Amino acid sequence: MYGFIHCVLGDLVVRGFGESTWQRIVKNSGIELGGGTFLMHKVYSDDDTWRLLNAISEQLELSREAVLESMGEHFVRYCIENGFGSLLRVLGGSLKDLLCNLDSLHEHLASTYPGIRSPSFCCTEGPDDTLFLHYYSERSGLYPIVKGLVRMIAKEFFSVSVAVEVVSEEPQLTSCSQGQVVTFSIRHLSCNGHPGDEKRLSSGTICPTTSNDPNDLPLSVDTLNDIFPFHVMLDRNLKVVQMGRSLQRLLKGNITSGELKFQDIFEIIRPKVESLFSAIVRHLNTIYVVRTVQGIISNKEQHYTVQASEGASASGSVDLEESTLKLKGEMVFVPESDMLLFLCSPRVKDLSEFLRKGLYFSDTPLHDSSRDVLMVNHLRRRERDLLDKIEDVGNQLRKLQGKLSEDKRRTEELLHSILPSNVVQSLVSNSPVEAEAHPVVSILFSDIVNFTGICERVEPMDIVRMLNKLYTSFDVLSKLNELYKVETIGDAYMVAGGIPEKVEDHADRVVAMAMGMMDVSKTVTSPDGDKPLSIRVGVHSGSCMAGVVGTTMPRYCLFGNTVSLASRMESCSQPGKINISDATKMCLHRGSYTFEENMSSSLPIRSYFVQASCRTPKSPVSPKSPLAAGMGLFLTPQPSPCVTPETTPLHSPYLSRRNSELFDITAAIEDLSVKVTSPEDRTRQEMVDRKCTFYSKMADQLRRKLMRVELGSPRKKLSQLKRGRSSSLHAKDKRFSRSLSNLGKLWEGQE
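None of these values were measured; they are calculated from a predicted model.

Analysis parameters
Residues numbered from 1 in each chain as written. Predicted model: local features only at pLDDT ≥ 70, side-chain atom pairs only at ≥ 80, totals over all residues. Heavy atoms only, no water. Helix = DSSP H or I, 4+ residues; strand = E, 2+ residues; numbered from the N terminus. Contact = heavy atoms within 4.5 Å. Axes fitted to C-alpha atoms, helices over the stretch in contact; angles between N-to-C directions. Parallel < 35°, antiparallel > 145°, perpendicular 65-115°, else oblique. Nonpolar A, V, L, I, M, F, W, Y, C, P; charged D, E, K, R; others polar. Pairing = 2+ DSSP bridges. Buried < 20%, exposed > 50% of the residue type's maximum accessible area, 1.4 Å probe, protein only. Arc of directions from axis to C-beta. Salt bridge = Lys/Arg side-chain N within 4 Å of Asp/Glu carboxyl O. UniProt positions renumbered as here; feature names shortened; annotations may be inferred. Phe/Tyr/Trp six-rings, centres within 6.5 Å; stacked < 30°, edge-to-face > 60°. Lys NZ or Arg CZ within 6 Å of the ring centre and 35° of its normal.

Visitor: Can you tell me about the overall build of the protein chain, naming the residues and giving the values?
Guide: Counting its regular elements, the protein chain contains 24 helices and 18 strands. Counting only contacts in the protein chain whose residues sit at least 6 apart along the sequence, the fraction spanning at least 24 positions is 67%.

Pasting the structure below:
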């Protein structure tokens, strides 16, 4: 079928259910359009049409018959909207005349849609103002379209409501032609739904002629042959009694019998009726298309075959179309002689075929419009070819646009996977990306224990597989905890919480991910000994700067002392443990944790090994969990610039020396409060309480001093530090440190 039918179906679905539903239907039907659409002038297989109808029926949960009826109704609307309304309206002054002239319209459209296999319609009158529509089609199962088609034609062009019902259905047309013939009854309905006589469906009876005497016709046989060079007179046995002169010339030399019958020379193509006198009489006032029997038309007199073969096939075989001639016309019953008169004219596609058949304009009468149609078609052929090319180019552009949109979507997804959303939007809009200062974030570093030794003992590809499996699970954890993955540097994995969007529980999220990373690492085995991997994790909280660095392979990087201290937290951690700074501990607001102080001397600030005191919910990661499965893009990690205190001399106000000591004091008081809630040795309780009171006063003095210094101008603060005005504060800090150490020894029984 031509794509016009598919375009009607698409327009029907899009208007009723939306473009997305139509795209799903096309996808479910299995028809590959490559991002384009159906083309009106392209031929598609019948299998594609049936698959599309079945997909529509399944998607919309409608029967196929209901879909076909709706398509018939929408077909009329679609034709009217696309400029075919006036063409349909002039086919007849009544519903019967319009339906009878549909075949003529299909024959006219054959020049625009070559090879069209259109159905045939024949309409007859019945009793009580009932019409019987005989529908013929080579394709079985499409007859429900006719019901919707007739109802909409009657409504749109004649403003009547009709009921269309199936009277009979036959699966086979003739002994040599397969297809389907269906007879419909068409009844006019009044407003209340019952038959009415207000408007007739047929045009009525035509007034008889003034005379029925053949002698009153002053016309000879030769004159008739000149007026109608293509005509045939047939008796009741379909014997050829008379033939036009042009038709005689074409058949000259190929007629061996003196008594020719119609079926010896022609075969009826349209309508689908038997070659019988009675059958033809029942289908008068219908366009007839006949074709000569193969081989009966001689090609010996074609003097212009070579010059006119511009559109002919290059193959040497002579197909059916080239060896036969089609004639189109009407059958007229002549009651005076009880014969049939077939008035016709040649049916050809273009001038080249006209010459190949051995025909000339002199063979056609002046009153015949065939020559005008041929000339117009010849002049407009290039225009039609150009329109077809434009339609094809438009479809190719739609395909390219679809591919471009898909590539754009993938590009944006890739950008969102390596850069924050706000940065991606700035880059897409070609706007500069400004660096941002974040007051407090939590940064996590992790690495694999003895990674260098593992690399020395196994193949590089095994290392890549191991890292891909581990980091893919880490990526899933970062998405679950809504953290931002900064980068991977060899075996080091870096994520940050509270960036690029600020969140209050950034430290809790990072610690929760660290615990999940510990569980995940146990599910990934080392390639050198099938033992679970062991990782170290370090977390620190503080301020930092963030921005996009470079133009080639831009990266969203973090800078500041917080990054350096987080890396130190990881390097000073222990296998299988999570080392967090005192600043991170102060930022934990939810969850229940147990802390063990890290006594490493390499750390400039106090740190703790953290564990969840009660993990009631089971860990979401298990050996069978999707997090532990081998996923990801399997890409080798790209190195990124290292971050060191020397290259990033930015210091967070939260991690200055006094802030760090303030955190130490507060943490010590909290730890002491926990320890003395139920001491065994009550004799030391009073001493510990006095120590806690003293340290609380020290913390308050230090906090007030810091507030006075930080609220002042930077120049005043620097001058105070240079002149040593904070020496008394340093002395108190030293006494605090000694007292804290003595308190620890006292509690452990070493003093």
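Visitor: Which residues make up the packing of helix α3 (residues 46-60) against helix α4 (residues 64-89), and what values go with them?
Guide: Put simply, α3 and α4 touch, their axes get as near as 9 Å, and they point 105 degrees apart. The angle between α3 and α4 falls in the class roughly perpendicular. Residues Trp50, Leu53, Asn54, Ile56 and Ser57 of α3 form the contact with α4, whose own contacting residues are Arg64, Val67 and Leu68. Looking at the contact of α3 with α4 residue by residue, the class counts come to five nonpolar, two polar and one charged.

Visitor: Outline the sheet that holds strand β9 (residues 326-334), supporting the account with residue identities and numerical values.
Guide: With antiparallel pairing, the six strands of this open sheet are ordered in space as β6-β5-β10-β9-β8-β7. The open sheet has two edge strands with one neighbour each: β6 (240-243) and β7 (266-270). The mean inter-strand angle of the sheet, taken between neighbouring strand axes irrespective of direction, is 30 degrees. As defined by bridge partners, β7 adjoins strand β8 (residues 287-292) across four bridges and the pair is classed as antiparallel. Within β8, the position partnered with isoleucine 268 by the bridge is valine 290.

Visitor: Which residues make up helix α2 (residues 19-29), and what are the values?
Guide: Taken together, the buried positions of α2 are Thr21, Trp22, Ile25, Val26 and Ser29. Projected onto a plane normal to the axis of α2, the buried residues spread over an arc of 135 degrees and lie on a single side. In this structure, α2 carries Lys27 and Asn28 as exposed residues pointing more than 90 degrees from its buried face. On its buried side, α2 packs onto α1 (3-17) and α3.

Visitor: Tell me about the pattern of salt bridges, residues and numbers included.
Guide: For the coordinates displayed, the defined rule picks out 24 salt bridges. The shortest N-O distance in the salt bridge between arginine 536 and aspartate 447 comes to 2.9 Å. Within this pair, whereas arginine 536 is found in strand β14 (residues 535-549), its partner aspartate 447 is found in strand β11 (residues 436-448), the two being separated by 89 residues in sequence. For the pair arginine 536 and aspartate 447, a shared accessibility class is recorded, and that class is buried. If you follow the salt bridges from partner to partner, you end up with Asp46, Arg117, Glu138 and Arg139 in one network.

Visitor: Mind laying out unusual backbone geometry, listing which residues take part and the relevant values?
Guide: Cis geometry marks the peptide bond from arginine 270 to proline 271; its omega dihedral reads -5 degrees. Residues isoleucine 499 and proline 500 are joined by a peptide bond in cis, for which omega reads 0 degrees. Examined against the element boundaries, proline 500 turns out to sit in the loop between β13 (492-497) and α18 (506-521). You will see that asparagine 450, though not glycine, has its phi angle at about 60 degrees, which is positive. Owing to a relative accessible area of 47%, asparagine 450 belongs among the partly exposed residues under this scheme. Look at glutamate 482: it is not a glycine, yet its phi comes out positive at around 55 degrees. Secondary-structure assignment places glutamate 482 in the loop between α17 (460-480) and β12 (484-489). Residue classification places glutamate 482 among the exposed residues on the basis of a relative accessible area of 58%.

Visitor: Would you mind going over the UniProt feature "coiled-coil region" (unreviewed entry) in the protein chain in detail, with residue names and values included?
Guide: UniProt annotation of "coiled-coil region" (unreviewed entry) refers to residues 383-410 when read in the numbering used here. Helix makes up 100% of residues 383-410 and strand makes up 0%, while its end C-alpha atoms are separated by 40 Å.

Visitor: Could you give an account of the packing of aromatic side chains, with specific residues and numbers?
Guide: According to the stated counting rule, one finds 16 aromatic pairs in the structure shown. For the pair phenylalanine 4 and phenylalanine 75, a centre-to-centre distance of 5.8 Å together with 75 degrees between the ring planes defines the contact as edge-to-face. Here phenylalanine 4, found in helix α1, pairs with phenylalanine 75, found in helix α4; they are 71 residues apart in sequence, far enough to count as distant. The class of phenylalanine 4 is buried, set by a relative accessible area of 9%. Aromatic pair phenylalanine 121 and tyrosine 135: ring centres 5.7 Å apart, planes at 50 degrees, arrangement tilted. Separated by 14 residues along the polypeptide, phenylalanine 121 in strand β1 (residues 120-125) and tyrosine 135 in strand β2 (residues 131-137) bring together distant segments of the chain. Phenylalanine 121 gets classed as buried once you look at its relative accessible area, which sits at 4%. On the basis of relative accessibility, which here comes to 4%, the residue tyrosine 135 falls in the buried class. Ring pairing ties together the aromatic residues Phe4, Phe75, Tyr78 and Phe84, which thus form one cluster. Looking at lysine 585, its charged tip hangs above the ring of phenylalanine 595, at a distance of 4.8 Å from the centre.

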